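Structural description and commentary
Here are the chains, one letter per residue:
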Amino acid sequence: MLARSLIAYGALILSASAQQKSYRAPRTPDGKPDLQGIWEARTTANANLEAHGAAFGIRAGESVIVDPADGKIPYQPGAREKQKENFANRAMADPVNRCYLPGVPRITYMPYPFQIFQTPEFVAITYEYVHASRTIHMKGEHLDNIELWMGDSRGHWEGETLVVEVADNNGDTWLDSSGNFHSPEMHVVERYTRTGPDTLQYDAAISDSKVLTKPFKISLPLYRHTKKNAQLYEYECHVYLEESGGAKK
């Protein structure tokens, strides 16, 4: 009986995967896949990209890192110790706790929805979190000698997928609230692929020659808000923590 159940479950997974791969999104007037709508992640990736247990202010959860296969961030020697230091001091050290913008890719998997708008020349993303926004330019080159909290985004289409290269990132943002970090050398390649009427697959490859031994990749689903009259609401950030405060371990 158990074997039959496992076989049936495996067949269901394979069927769902095949449907996702064959799904063709609705089209915008210029013929591109229509990714527009309000989307939200439902993972614990914002707490920690890696598999993690519960801690003060953090839910337990699985890794969203799909490469390398061990689900770990491939830090250079010494960088893991920096991450542990960040974690211990996260109440004051996490830029989000100081009301700074989260940066990319973190803002995508924070527990707040965001809305995608498309034109032939731009893809705009507005976020519920602190009124953040991004403009993905579908033409032109990256800016030079500048650092932006949300990076500089340049996009192009590869079939059903919107591919976005994000450069010029501010090195002060974190990848999650567990202190996983990067330098200003970080380069992110995002991939947005609609896999069903109400699902959008988000993949991101993250490289950083100053912090990582090699690039790593994350993958997670995003879900569309389908409720009638769905909209973004306002989320204002306020710093309530005292300068001398600290998180419990």
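Now for a description of the structure that goes with this document. (Residues numbered from 1 in each chain as written. Predicted model: local features only at pLDDT ≥ 70, side-chain atom pairs only at ≥ 80, totals over all residues. Heavy atoms only, no water.)

Quick look at the pattern of salt bridges
Defined as follows: Just to be clear on terms, a salt bridge is a Lys or Arg side-chain nitrogen sitting within 4 Å of an Asp or Glu carboxyl oxygen. Helix and strand definitions here come from DSSP, where helices need a minimum of 4 consecutive H or I residues and strands a minimum of 2 consecutive E residues; each element is numbered from the N-terminal end. For the exposure calls, accessible area comes from a 1.4 Å probe over protein chains only, and a residue counts as buried if that area is under 20% of its type's maximum, exposed if over 50%, partly exposed in between.
Under the criterion given, the structure shown has nine salt bridges. Of the charged contacts, one joins Lys139 and Glu121 as a salt bridge, the two residues approaching to 3.8 Å between their closest N and O atoms. Linking Lys139 in the loop between β5 (133-137) and β6 (152-158) with Glu121 in the loop between β3 (114-118) and β4 (122-127), this pair joins segments that are 18 residues apart in sequence. Residue class for Glu121 comes out partly exposed when judged on its relative accessible area of 40%. Asp152 is the salt-bridge partner of Arg154, the closest N and O atoms lying 3.1 Å from each other. By the burial criterion, Arg154 is buried, and Asp152 matches it.

Re the pairing of β3
Spelled out, the test is: When DSSP finds two or more bridges between two strands, those strands count as paired.
Taking every second residue as pointing to the same face, the buried face of β3 carries Phe114, Ile116 and Gln118, while none of Gln115 and Phe117 on the other face is buried. In terms of strand pairing, strand β1 (residues 37-41) meets β3 through three bridges, oriented antiparallel. Paired with Ile38 across the bridge in β3 is Gln115. Note: β3 against β4, five bridges, orientation antiparallel.

Regarding the nonpolar core
The condition that has to hold: Here, the term nonpolar core denotes a set of buried Ala, Val, Leu, Ile, Met, Phe, Trp, Tyr and Cys residues that are joined through side-chain atoms within 4.5 Å. For this analysis, residues touch if any pair of their heavy atoms sits within 4.5 Å.
By size, the foremost hydrophobic cluster in this structure holds 48 residues, and its most contacted members are Leu49, Phe216 and Ile218. Those elements that place two or more of their residues in this core are β1, β3, β4, β7 (161-167), β8 (187-196), β9 (199-207) and β10 (216-224). Setting aside its immediate chain neighbours within four residues, Phe216 contacts Leu49, Ile65, Asp67, Pro68, Ile73, Pro74, Leu175, Ala204, Ala205 and Ile206.

So, the packing of aromatic side chains
This is how it is decided: Planes of paired rings set the category: under 30 degrees apart is stacked, over 60 is edge-to-face and the rest tilted, where pairs are Phe, Tyr or Trp rings (Trp by its six-membered ring) whose centres lie within 6.5 Å. Whether a charge lies above a ring is judged from NZ of Lys or CZ of Arg, which has to be within 6 Å of the ring centre and within 35 degrees of the ring normal.
One pass over the full model with this rule turns up seven aromatic pairs. Ring geometry for Tyr100 against Trp149: centres 5.0 Å apart, planes inclined by 0°, an arrangement best described as stacked. One end of the pair, Tyr100, is in the loop between α3 (90-93) and β3; the other, Trp149, is in the loop between β5 and β6, with 49 residues separating them in the sequence. Judged by its relative accessible area of 27%, Trp149 is partly exposed. With a centroid separation of 4.7 Å and an interplanar angle of 50°, the aromatic rings of Tyr112 and Tyr235 are classed as tilted. Of this pair, Tyr112 sits in the loop between α3 and β3 while Tyr235 sits in the segment after β10, and the two are 123 residues apart along the sequence. These aromatic residues form a ring-pair network of at least three members: Tyr112, Tyr129 and Tyr235. Here the basic side chain of Arg90 rests over the ring of Phe87, its NZ or CZ set 4.0 Å away from the ring centre.

Considering helix α2 (residues 79-88)
Test applied: Arc definition: it is the arc formed by the directions from the helix axis to the C-beta atoms.
Among the residues making up α2, those that are buried are Ala79, Gln83 and Asn86. Burial along α2 is one-sided: seen end-on, the buried residues are contained in an arc of 60°. On its buried side, α2 packs onto α3.

Functional significance is not addressed by these values, which are geometric in nature.
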